[in-house]
Structure formats: C-alpha cells, structure tokens
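Descriptive analysis of the structure
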Amino acid sequence: MTDSDSQRLAKRIARAGLCSRRDAERWIEEGRVVVNGSKVTSPALNVGPEDVVLVDGTPLPAEQAARLWKYNKPTGLVVTARDEKGRPTVFDRLPPTLPRVVSIGRLDLNSEGLLLLTNDGDLARKLELPATGWIRRYRVRVHGRVEAAKLESLAGGVTIEGIRYGEIRAELERQQGANAWVVVSLTEGKNREVRKVMEHLGYVVNRLIRVSYGPFHLGTMARGAVEEVPAKIMRDLIGGESRKNQGNWAKAKPKQKFTPRRNAKVRADGEGETASGPSKSGPSKLGPSKSGFAKKGVAKKRFASSSDYKERDDAADTAKQAAGKHPGGKRPMGKRPAGKGPSGKGPSGKGPGAKRETPNADRRR
C-alpha cells in the first residue's frame, strides 16, 4: 500500500456516504468502528483499499462518484445538518432521492439564491477556499439613497470591527424610490459579509440573493428547485481529482480525430469508388475528382490528359456544328474542328459559303 492509496479512517467513512467526517470521528471515539477485526477508538489511523472497515457491524458501502447539484435556496432555512434551535434546514427540504450531501459555503437564514451541494467533502472544501479565485455574486436590495463613491471605496477592502474584508466590487444597478438594487461581487464570503459591509456604508439590507458561484449561475431555476450538474461540465469547469480510482474524472475526454470524407476515387481500371465502397454509378466519365487523393494501399489514379479532353470536346463540337447550333451562341473551348474558322473554308471565313463579311465575326460568337 502506498501513501497515495491510504487515507484517514474518518475520511473513508465519510466518502462512503454514511455521515460527515466530523460525525465519523465521533463514531470512532464511541467504539462503533472496527478495522480488520479490531475495534478502533482513535481517528488517527490511516487505512488502505485492502483494509476491511465495519461500522456498527456492517461493511462500508462502495465509495460514491463525486457529484454536484445546484439548489435555489428559499429564505427561512438554515444551512446546517442539525439546528440547535429546531429551525428547518435545507437538508430537510431536499428530495429524498438525493444521497447524503454537504453544502459548499453557506447562506444565512434570510438569504436566498444559489447554493451548491455535493456528496464529496473534499470537493466542498476545495471550492470553498478563496484560493480558488471563484467570484460569488449577489443582488442586494438596500434601503436608502446609494452613493457610487461609497461603493467604489470597497474596491481596496475594508476593516469592520477588527475583521478585514478583502476586495469587494459593488455597483449600483438601479434606484427605486427609497430602495436600491446593488450588485456585489467578492471572493471570500465570510460570515454575513455582504450584510455587514452594506451596514458599514449606512445601508440596511432587506433582501439578498446569490445569483452565481464561480462558473455556476442561478439562471431561471424555480425557488426550492434542485438541478444536478452534468459530469462533463464538472470536468470542464472544476478540474482536479476526487474519489478513489477517479483521478482522471476531471480530465476532458480526448476528441476523436476528424477525418473528412473523401470524394470519389478512380481505380486504375476507371471504376468509381467512394470512401465506403465501389460507386453504384459505374465507371467515371469525366475523370477523377479534384479533391480525391489515393490512400495508402489504394491503386494509383489515372488522370486524364489534356488530349483526352480535346478529343471529347472535338467530338461534341462536331455534333453541334452538324445540328447548326451552339449553346449560348458560343463555341466550346478546345481544338477547332478541321475546316472551320477564319481560314476561309468555313461559314465564318471568306471562302464559299461564308455567311458574314464582317471581320472577327467568329470572335463575337
């Protein structure tokens, strides 16, 4: 077993979806966990894939694949697994089909909007850290006349009651009578940060909606709705690793090499052949396609020479002259039929049978 394969016992229990890591540590201390037939009472133990772990006498289920959900949190719910005051939590309102999940960040009781949920505690901690650089964006309704200069002063950060808040971008969206809507963007998301900063400026927040968290947006989700983020989007937007034996889950799949479909090829015997097999139309009459190129293992093409085209044009020209007409009044390109032209022996010359005496009459045709 290598160091990369081993992990903390509490972490393995949490990844199995039974509880949080903190609860797993408590279960271990209570003597509810057995490893390889021995009861364990200290969380300071690393286990590997070959170790057998039992919780309350039951083997751990297989580790779950990392998943992510968007949730439009309504007001009146707290973001915690258990509330000491008995208030309803977001986890009480989630669909029963969802596995055990944890929140990525929090929204307070009176805040609403986008809340990310995941079944992977490591992923949650990774996306919560300010080091990710993900921007949390809020639409905030405040009471009072908003001054743009006050909002701009937050760009360099602010210290409130000894707590330092980093760079905050705040812009006035619109003023509606005694209230105004402000768009606030930040990367830290400390406890009640938006409300405290707005109150520091002299504005009382009466509504707060989180509209985006990094690349994930609330969009038109209904209040209380839950939507799972597809695995492909997780790979494209999040990256990194999560879950045992899933080190490549965050890597985009290589795209298949695009091979353009070839036009008709011409074999040495002149039969037409497409990329999928012989052509049904039989031998080619006009020669090979301009864009066709012989592949490896395919017989070399026969390209028509210029004399072949001239012979074809001469035959067609003779037939049309016999009919007394040319399409469009113009003679086809190619070799002139013998005995015709300005040599004096044809209808456009000066000999017997000439129909015109105007010079260069043949050219105007």
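Parameters and conventions
- Residues numbered from 1 in each chain as written.
- Predicted model: local features only at pLDDT ≥ 70, side-chain atom pairs only at ≥ 80, totals over all residues.
- Heavy atoms only, no water.
- Helix = DSSP H or I, 4+ residues; strand = E, 2+ residues; numbered from the N terminus.
- Buried < 20%, exposed > 50% of the residue type's maximum accessible area, 1.4 Å probe, protein only.
- Contact = heavy atoms within 4.5 Å.
- Pairing = 2+ DSSP bridges.
- pLDDT = per-residue confidence, 0-100.
- Salt bridge = Lys/Arg side-chain N within 4 Å of Asp/Glu carboxyl O.
- Lys, Arg positive; Asp, Glu negative; His and termini not counted.
- Polar contact = N/O pair within 3.5 Å; in protein donor to acceptor, adjacent residues only side chain to side chain.
- Core = buried A, V, L, I, M, F, W, Y, C linked by side-chain atoms within 4.5 Å.

Topic: the overall build of the protein
Looking only at helices and strands, the protein has eight helices and 20 strands in total. For the protein, with 365 residues in total, the buried portion stands at 35%. Pairs at least 24 apart in sequence give 58% of the contacts found in the protein among residues at least 6 apart.

Observations regarding the pairing of strand β15 (residues 204–213)
Where strand β9 (residues 112–118) meets β15, two bridges bridge the pair, whose relative direction is parallel. Bridge pairing links Glu 112 to Ile 209 in β15. Both strand β10 (residues 136–143) and β15 contribute to a ladder of eight bridges, which runs antiparallel. Within β15, the position partnered with His 143 by the bridge is Val 204. As paired strands, β15 and strand β16 (residues 216–217) are joined by two bridges and run antiparallel to one another.

Re the pairing of strand β13 (residues 169–176)
Pairing analysis gives seven bridges linking β13 to strand β14 (residues 179–186), with the strands arranged antiparallel. When the bridges of β14 are listed, Arg 169 appears paired with Ser 185. As consecutive antiparallel partners, β13 and β14 are separated by two residues, and within that stretch Gly 177 has a phi angle of approximately 65 degrees, a positive value.

Describing the confidence of the model for the protein
Keep in mind that low pLDDT regions are not for reading the predicted coordinates in detail. Taken as a whole, the protein shows an average pLDDT of 76; of its residues, 64% reach a score of 70 or greater. In the predicted structure, residues 262–306 sits below a pLDDT of 50 and forms 50 contacts with residues beyond four places in sequence or in another chain.

Topic: the pattern of salt bridges
Following the criterion strictly, the structure yields 16 salt bridges and no others. A salt bridge links Arg 223 to Glu 112, with the nearest nitrogen and oxygen atoms 3.3 Å apart. Of the two residues, Arg 223 is situated in the loop between β16 and β17 (226–228) and Glu 112 in strand β9; the sequence distance between them amounts to 111 residues. Residue classification places Arg 223 among the exposed residues on the basis of a relative accessible area of 55%.

Examining unusual backbone geometry
Although it is not a glycine, Asn 36 adopts a positive phi angle of roughly 55 degrees. Its place among the elements puts Asn 36 in the loop between β2 (33–35) and β3 (38–40). Located in the positive-phi region is Asp 56, a residue other than glycine, with phi close to 55 degrees. With respect to the helices and strands, Asp 56 occurs in the loop between β5 (53–55) and β6 (58–59).

Considerations on the sheet that holds β5
Here we have four strands laid out as an open sheet, ordered β3-β2-β5-β6, and antiparallel in their pairing. A single partner strand is all that each edge strand has here, and the edge strands are β3 and β6. Taken together, the three bridges between β2 and β5 define a ladder with antiparallel strand orientation. Bridge assignment links Val 33 to a residue of β5, and that residue is Val 55.

What to know about the side chain of Asp 51
Structurally, the position occupied by Asp 51 is in the loop between β4 (46–47) and β5. The buried charged residue Asp 51 lacks any salt bridge, with Arg 12 as its nearest oppositely charged partner at 5.3 Å. Within the structure, the side chain of Asp 51 is placed 2.9 Å from the side chain of Asn 36, a separation counted as a polar contact. Separated by 2.7 Å, the side chain of Asp 51 and the backbone nitrogen of Gly 48 make a polar contact.

Here's the deal with the nonpolar core
Val 140, Val 142, Leu 154, Val 184, Val 194, Val 197 and Met 198 are the most contacted members of the largest nonpolar core, which has 33 residues in total. Contributions of two or more residues to this core are made by β7 (68–73), β9, β10, β11 (158–160), β14, α5 (193–200) and β15. When residues in this core are grouped by element, the largest group, four residues, is from β14. When near neighbours in sequence (up to four residues on either side) are disregarded, Val 197 contacts Leu 154, Val 158, Ile 160, Tyr 165 and Ile 168. Residues Trp 181, Ile 209, Tyr 213 and Ile 238 belong to the second largest nonpolar core, which totals 17 residues.

Digging into the environment of Pro 59
Within the secondary structure layout, Pro 59 lies in strand β6. Apart from the residues lying within four places of it in its own chain, the contact partners of Pro 59 are Val 53 and Leu 54.

Observations concerning the environment of Lys 70
Take Lys 70: it is sitting in strand β7. Overall, Lys 70 belongs to the buried group, its relative accessible area being 15%. Once the C-alpha coordinates of Lys 70 and Met 221 are considered, the two residues, 151 residues apart in sequence, prove to be 9.0 Å apart. Setting aside residues no more than four positions away along its own chain, Lys 70 makes contact with Leu 114, Leu 115, Leu 116, Phe 216, His 217, Met 221, Ala 225, Val 226, Glu 227 and Val 229. Reaching out from Lys 70, the side chain makes a polar contact with the backbone oxygen of His 217 at a distance of 2.9 Å.

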